[in-house]
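Tertiary structure, described
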Amino acid sequence: MPSLGADMEAGTLVEWQVKPGQRVKRGDVVAVVETDKGAVEVEIWDDAVVDQLLVEPGTKVPVGKVLARLRAEGEAPAPAGVAPREAEGLGAALSPVQPVRAPRLKVSPVARRRAEELGVDLALVKPSGPEGVISMGDVERSAQGRAASAAKPAALDKLAAMRQAIAAAMAKSKREIPHYYLGTSIDVSTAIGWLEQQNLKRPVTERVLLAALLLRSVAMALKEVPELNGFWVDGAFKPIQAVHLGVAIALRGGGLVAPAIHDADRKTVPQIMHALSDLVTRARGGALRSSELADATVTVTNLGEQGVEAVFGVIYPPQVALVGFGKVVERPWAERGGLYVRRVIHATLCADHRASVGHRGGQFLSALDRCLQEPEKL
Amino acid sequence: MSEAVRTTYREALRQALREALLRDARVFLMGEDVGCYGGSYAVSKGLLEEFGEQRIRDTPLSESAFVGAGIGAAMNGMLPIVEVMTVNFSLLCLDQIVNNAATLRHMSGGQISVPLVIRMATGGGRQLAAQHSHSLEGWYAHIPGLRIVAPATLEDARGMLWTAICDPDPVILFENALLYNLEGELAADAGAVDIDCAAVRREGADLSLITYGGSLGKTMQAAAELAHEGIGAEVIDLRTLRPLDIGAILGSVRKTHRALIVDEGWKSGSLAAEVCTRIVEGAFYDLDAPVTRVCSREVPVPYAKHLEDAALPSVPAIVAAARRLTSGRD
């Protein structure tokens, strides 16, 4: 079970999209996992053949549990009936006696049927009976508790779970990360003008929004200040070469996810635009991929559409920085002795003082400004 | 409804025999000591004097011979009632019962009927040791071609016999010997009852106690104790062990979601096992706990009183099993 976020402890396998014996290549979606943040597609990291699926759909398992076993092309399948061992070496040392299968919930037949009728997730039902068996009464109590706390049970349950997850991550952030905040106003008149020109040449469906330009600029500026791009793990900063931009996306009905646009530093502006619309669509449709949720190296949040002028955000651990953008506003702008009306955006940087200092943070915002003044170079 | 009279299980059986002998001249009773001695359990006391040797016939100690004679009489138009002293002794006439009585209708293509009633005492608890104390009715309930009934109440002791006599096929009536002294009220005009349906002897919502015959009393007592603890036990008296009234069993289990079977037979390959299987086949998705059984310990029933008590189902054992079964309920 992959970790699909620093705050994730367990996930429910919803379905397998591969069968034993099937050939898979790196990046293929092999399974769908339900997390607090919604359904996520899990990708495979190696070219291989699926040997065994070890977890039944519907099972909730902790992060780190082996879901399936792969074998190299041409390698003989594992003998049937032999319980596969945990990975040897480090993995084995970390989890010496974990059974391969998640323990099966003990549920009485009528309780199982009742749970289906009431739409109760058995993994969340607390057994009261002997030997931890979930009885019909337990299911009904669980459903009643849920009904009492929510008018629209299923949806609100999920939202509540997501809220819990966000709460945990944000509390951890504020508890552990010494934030510092920098902000600056950036004249984006040139950038917008350039975009409008570009968009004239494009079909409507391929038009690029300012958001894509901002993301690309952040990626480029980060290359100049690499101590803002990476993770704080085990008491030390771990810089990451690639820039995976986490984009905060508000979900309909509440909730928030920040899936990543991978390798934003190596994507063109139109490519980033494409990736962005794809991410938003899939985030709202609940079809994000595991890698997108797990490996953002920095997060960008844009609350301009909400009419906000400046964002002072909370870093998403284990990342070390968050870049915020407000709305584009027309402002009187004094420059070289003249006064102009310019389109201006307020950019902020929230950064982890353990990983960077304000001086470098300031250099990042300057670089961002510079990038946006030369959009044709992006 | 006429007035109720105070009577016993034994007396109810005797009145049932009298009624049958009076109603139909083809009815006669035979068995060991049923005449001069009045029956080993005194059920037929006084009948020889009332009905004469032609109709109350003492037989030699040969179960195979007199049960075989009963089958022959039934095939030839009589309505015999044959008493076998205990089910343990019926093994001597197993061939007659299983190979002849049960099969002849089927083997003759329906040409031959065997309208025979066999009465047997069954069950332990009287310190009569292993050769007189077993509950083998479950064996007979295995055999197609037989109907097996087990009166557990005064009404059934009074009413099952005539219905059994009217059945065109062999019926075995099991009388738990501990019930003979059972006392109670019975309607003065009590008569024939059905031998098809199980009966709900007590209603309850939390679990179904399924039993029959000699165990009904213990089970009712256990249900009363459970009620004091707030556990509502429904008591099902099977009444007819073959064919089982599966609808009644499943109906109760679908209501209570828990089943405990109380059977004086042993667990292995038993009637209790059959009832359990029927429940699992028919009401699996209604079960909220595993089906449980209280049966006799897997030993020949001991002679020593404390050992015999320990070997047979008891009220405390039923109560304890019911408590375990319902510990996770609402």
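Residues numbered from 1 in each chain as written. Chains lettered and ligands numbered in written order. Predicted model: local features only at pLDDT ≥ 70, side-chain atom pairs only at ≥ 80, totals over all residues.

Our next topic: the overall build of chain B. Helices and strands together make up the secondary structure of chain B, namely 12 helices and 14 strands. Within chain B, the proportion of its 330 residues that are buried is 52%. Within chain B, contacts between residues separated by at least 24 positions form 78% of all contacts whose residues are at least 6 apart in sequence. (Helix = DSSP H or I, 4+ residues; strand = E, 2+ residues; numbered from the N terminus. Buried ≥ 20, exposed ≤ 12 C-beta atoms within 10 Å, placed from the backbone. Contact = placed C-beta atoms within 7 Å.)

Another aspect to go through is the packing of helix α6 (residues 210-224) of chain A against helix α7 (residues 269-285) of chain A. Relative placement of two packed helices is described by the angle separating their axes and the distance separating the axes. All names here are of chain A. Remark: α6 packs on α7, axes separated minimally by 9 Å, with the N-to-C direction vectors making an angle of 115°. Overall, the two elements α6 and α7 adopt an arrangement that is roughly perpendicular. Considering the relative orientation of α6 and α7, their crossing is right-handed. Counted together, Ala211, Ala212, Leu213, Leu215 and Arg216 of α6 and Val269, Ile272, Met273 and Leu276 of α7 form the full contact between these two elements. The class makeup of the residues in the contact of α6 with α7 is 8 nonpolar, no polar and 1 charged. (Axes fitted to C-alpha atoms, helices over the stretch in contact; angles between N-to-C directions. Parallel < 35°, antiparallel > 145°, perpendicular 65-115°, else oblique. Left-handed = near helix turned anticlockwise from the far one by under 90°. Nonpolar A, V, L, I, M, F, W, Y, C, P; charged D, E, K, R; others polar.)

Okay, the nonpolar core next. All names here are of chain B. Within the largest apolar cluster, 110 residues are counted, with the highest numbers of intra-cluster contacts made by Leu161, Leu209, Leu260 and Ala322. Per element, the largest residue contribution to this core is 7 residues, and it comes from helix α7 (residues 154-166). In this view, Ala322 contacts Leu207, Leu209, Ala222, Leu226, Ile231, Ala233 and Leu260; residues no more than four positions away in its chain are not counted. (Core = buried A, V, L, I, M, F, W, Y, C linked by C-beta atoms within 7 Å.)

Turning our attention to the sheet that holds strand β7 (residues 68-71) of chain A. Adjacent strands of a sheet form backbone hydrogen bonds with each other and so pair up, either parallel or antiparallel. All names here are of chain A. Overall, antiparallel pairing links the 3 strands, which are arranged β2-β5-β7 in an open sheet. The open sheet has two edge strands with one neighbour each: β2 (23-24) and β7. Bridging between β2 and strand β5 (residues 48-53) involves 2 bridges; their strand directions are antiparallel. Residue pairing in the sheet places Val24 in a bridge with Ala48 of β5. (Pairing = 2+ DSSP bridges.)

To continue, consider the pairing of strand β1 (residues 10-16) of chain A. All names here are of chain A. Where β1 meets strand β6 (residues 60-62), 3 bridges bridge the pair, whose relative direction is antiparallel. Bridge assignment links Thr12 to a residue of β6, and that residue is Lys60. Pairing of β1 with strand β3 (residues 29-35), which is carried by 4 bridges, proceeds in the antiparallel orientation. What sits directly across from Glu15, in β3, is Val32.

Moving on to the interface of chain A and chain B. In many reports, interface size means the accessible area that the parts give up when they come together. In this complex, chain A contributes 12 residues to the contact, which on the side of chain B involves 11 residues. The set of elements that each furnish at least two residues to the side of chain A that touches chain B consists of α2 (109-118) and α3 (136-149) of chain A. Broken down by element, the residue count for the side of chain A that touches chain B peaks at 4 residues, all from α2 of chain A. Class assignment for the residues of the side of chain A that touches chain B results in 6 nonpolar, 5 polar and 1 charged.

In this section: the sheet that holds β3 of chain A. Residue and element names in this part refer to chain A. What the 5 strands build is an open sheet, ordered β6-β1-β3-β4-β15; its pairing is mixed. With partners counted over all chains shown, the strands left at the sheet margins are β6 and β15 (288-289), one partner each. Bridge count between strand β4 (residues 38-43) and β15: 2 bridges; the pairing is parallel. In the sheet register, Glu41 faces β15, and the bridge partner there is Arg289.

Bringing helix α8 (residues 215-228) of chain B into the picture now. All names here are of chain B. When the terminal C-alpha atoms of α8 are compared, their 20 Å separation across 14 residues agrees well with the 20 Å that a helix rising 1.5 Å per residue should span. Residues Ser215, Leu216, Lys218, Thr219, Ala222, Ala223 and Leu226 constitute the buried set of α8. When α8 is viewed along its axis, its buried side chains cluster within an angular range of 160° and face the same direction. Here the buried face of α8 lies against β9 (199-202), β10 (207-211), β11 (233-237), β13 (259-266) and α12 (315-326). Of the residues one or two after α8, Gly230 is the one with positive phi, at around 85°. (Expected span 1.5 Å × (residues − 1). Arc of directions from axis to C-beta.)

Our focus in this paragraph is the packing of helix α9 (residues 246-256) of chain B against helix α10 (residues 271-283) of chain B. Residues and elements named next belong to chain B. Look at α9 against α10: their axes get within 10 Å of each other, and the N-to-C directions meet at 65°. The interaxial crossing formed by α9 with α10 has right-handed handedness. Two secondary-structure elements touch here, α9 through Ile246, Ile249, Leu250, Val253 and Arg254 and α10 through Val275, Arg278, Ile279, Gly282 and Ala283. Partitioned by chemical class, the residues of the contact of α9 with α10 number 7 nonpolar, 1 polar and 2 charged.

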